[in-house]
Amino acid sequence: MIDDPRAFLTGLFDAAIAAADPEICIAANLPAPPKGRTVVVGAGKGAAQLARAFERHWPGALGGVIVTRYGYAVSCERIEVLEASHPVPDEAGLAAAQRLIDTVSDLGEDDLVVALISGGGSALLPAPPEGFTLANEIALNEVLLASGAPITVMNAVRKQFSRIKGGRLALAAHPARVVSLIVSDIPGDDPAQVASGPTVPDTVSRADALAMIDAHGLELPPAIVGHISGAAESGVTPDDPRLARNQVRIIASAGVSLEAAARAARDAGIEAVILSDAIEGEARDIGGMHGAIAREVALRDRPFARPVVVLSGGETTVTVRGKGKGGRNTEFLLGLAQTIDGVDGVTALAADTDGIDGSEDNAGAFADGGSIARLRATGGDPQAFLADNDAWSAFDRIGDLFVPGPTGTNVNDFRAIFVR
């Protein structure tokens, strides 16, 4: 018997986070020590926690530098931790990207580079091509973030406008061996997509990126499109012989975390089903779809029998049309809340596993069959909040934001819908 659905869902979120604990993931994936030096580089919202865990478990000497989002740093003894802006790059990120390149540029074939990569690294590693500035990369990111394009499309474009992404950092480390330990926040867990793959080559070409720009109607600055379509190299390919000794390991992912949450639910006596760990699409529409499933379960005991918790992961997108506050998880929930309006016995939690959803300090929010009625009781119009991309304000009004703080990891979005 679950007396407090929100506490139950919070426990499932905690189980998902624990499954991606850097201490556990790093300890199980240490590479063999090299004859020469060990140098650690890294980027992402969970990079500092990964670096601290690596220090604790590594048997020999090491040094290096990583970059994480402002407010996400933790102290390390031998690895320097830098902070920069996310999701829009800044000067600190520009300097950090160059530091990573410089750190690996004088190594020999007996040296080892350990790359600790997690989601968020794309914004934290701005390194525009020669002849371009940080302002150009900021303009690129602002268009991509507002476009509603899938993360794989955004990263494909970013790689064609960078001196560090798309395997270029690994190339800078040659002839040293590079072992990439990656916490995946990408639907499908393609390591080349996480943080735009600074140490992982990709099969996506310049022509592919141009086709994506056209297919998604991305209105990029002409100079950037000209660079991608002109003399720029497509990037580093997987068959590049200089990368033959390198290794890539996914050490944590949404799928593993969802399985952990499902086990925690069953331990509490509640059946759990996982729809997918790779759901993409417009957040409000995916929310409506999840809400329709929850409504069907609540009213007709199909396709799953009550009580049940329905889990899913992946990364939805938000096409920015308004000027409100929020992120993809709160917008997902506002879409879901409208679909389950008035339905008893349904409670949902959607949250980003890094602890921050969008522009504010919440990871996500809670919603239930009474959310819309409570919002209207405050004078709020759910459709107006959606039209202005202002889901944060909607859930703030009714006191339903979920604020766990930075988690130290990042395995994409976590969604759990409990039907009693």
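Residues numbered from 1 in each chain as written. Predicted model: local features only at pLDDT ≥ 70, side-chain atom pairs only at ≥ 80, totals over all residues. Heavy atoms only, no water.

Asker: Explanation requested: the sheet that holds strand β5 (residues 177-183) in the structure shown.
Answerer: In any sheet, the strands associate via hydrogen bonds between backbone groups, in a parallel or an antiparallel arrangement. Strand order in the open sheet made by the six strands is β3-β2-β1-β4-β5-β6, with parallel pairing throughout. Whereas interior strands pair on both sides, the edge strands pair on one side only; in this sheet they are β3 (79-84) and β6 (247-252). Adjacent strand axes in the sheet meet at a mean angle of 20° when their direction is disregarded. Sitting on the sheet, helix α3 (residues 47-57) touches β1 (38-43), β2 (63-69), β3, β4 (112-118), β5 and β6, and the angle it makes with β4 is about 140°. This element, helix α4 (residues 91-104), spans β1, β2, β3 and β4 of the sheet and lies at about 150° to β3. (Pairing = 2+ DSSP bridges. Helix = DSSP H or I, 4+ residues; strand = E, 2+ residues; numbered from the N terminus. Axes fitted to C-alpha atoms, helices over the stretch in contact; angles between N-to-C directions. Contact = heavy atoms within 4.5 Å.)

Asker: Mind showing me how you'd approach the sheet that holds strand β10 (residues 364-368) here?
Answerer: Pairing is mixed in the open sheet, where six strands are placed in the order β7-β8-β12-β9-β10-β11. At either margin of the open sheet sits one strand with a lone partner, and together these are β7 (271-274) and β11 (401-402). Here four bridges tie β7 to strand β8 (residues 308-314), and the two strands are oriented parallel to one another. In the sheet register, Val273 faces β8, and the bridge partner there is Val310. Strands β8, β9 (346-352) and β12 (413-419) of the sheet are contacted by helix α12 (residues 283-300), whose axis makes an angle of about 20° with β12.

Asker: In this structure, what is going on with the pattern of salt bridges? I would like to understand it.
Answerer: Any two side chains of opposite charge can pair, given that their charged atoms come close. All told, the structure shown has 21 salt bridges when counted by the stated rule. Among the salt bridges present, the one from Asp111 reaches Arg37, with a minimum N-O distance of 3.7 Å. Taken as a pair, Asp111 in the loop between α4 and β4 and Arg37 in the loop between α2 (22-27) and β1 lie far apart in primary sequence, 74 residues in all. Note on Asp111: relative accessible area 9%, which makes it buried. (Salt bridge = Lys/Arg side-chain N within 4 Å of Asp/Glu carboxyl O. Buried < 20%, exposed > 50% of the residue type's maximum accessible area, 1.4 Å probe, protein only.)

Asker: Looking at this structure, I do not really get the nonpolar core. What am I missing?
Answerer: A general feature of soluble globular proteins is that nonpolar side chains tend to end up buried together. The biggest cluster of nonpolar side chains holds 46 residues, and the ones touching the most others in it are Val41, Val67, Val113, Val157, Ile164 and Leu218. No other element matches α4, which puts five residues into this core. Once you skip the residues sitting within four places of it in the chain, Val113 turns out to touch Val39, Val41, Val104, Leu107, Ala173, Ala176, Arg177, Val178 and Val179. By size, the runner-up hydrophobic cluster in this structure holds 35 residues, among which are Ile340, Ala367, Phe385 and Trp392. (Core = buried A, V, L, I, M, F, W, Y, C linked by side-chain atoms within 4.5 Å.)

Asker: I tried to follow the environment of Ala260 on my own but got confused; where do I start?
Answerer: Within the secondary structure layout, Ala260 lies in helix α11 (residues 254-267). Between the C-alpha atom of Ala260 and that of Phe402, which follows or precedes it by 142 residues, the distance is 20 Å. Non-local contacts of Ala260, meaning those with residues more than four positions away in its chain, are made with Ala15 and Ala19.

Asker: Would you mind going over the packing of aromatic side chains with me for this structure?
Answerer: Aromatic ring pairs are reported here in terms of the distance separating the ring centres and the angle at which the planes meet. Counted under the stated rule, the structure contains six aromatic pairs. Look at Phe13 and Phe402: their rings are 5.1 Å apart centre to centre, the planes differ by 90°, and that puts the pair in the edge-to-face class. With Phe13 in helix α1 (residues 5-19) and Phe402 in strand β11, this residue pair connects regions lying 389 residues apart in the sequence. No difference in accessibility class separates Phe13 from Phe402, as the two residues are buried. A ring pair is formed by Phe132 and Phe161, whose centres lie 4.9 Å apart and whose planes are at 75°; its orientation type is edge-to-face. One end of the pair, Phe132, is in the loop between α5 (121-124) and α6 (134-147); the other, Phe161, is in the loop between α7 (151-159) and α8 (168-173), and 29 residues separate them in sequence. Judged by relative accessible area, which is 0%, Phe161 ranks as buried. Aromatic ring contacts, followed pair by pair, group Phe13, Phe366, Phe402 and Phe414 into a single cluster. One cation-aromatic arrangement involves Arg415 over Phe332; the distance from NZ or CZ to the ring centre is 5.4 Å. (Phe/Tyr/Trp six-rings, centres within 6.5 Å; stacked < 30°, edge-to-face > 60°. Lys NZ or Arg CZ within 6 Å of the ring centre and 35° of its normal.)

Asker: Is there a simple way to think about the environment of Gly379 in this case?
Answerer: Mapping Gly379 onto the fold places it in the loop between α14 (371-377) and α15 (382-387). Taking the relative accessible area as the measure of exposure, Gly379 reaches 64% and is therefore exposed. Taking the C-alpha atoms as reference points, Gly379 and Leu349, 30 residues apart in sequence, are found 24 Å from one another.

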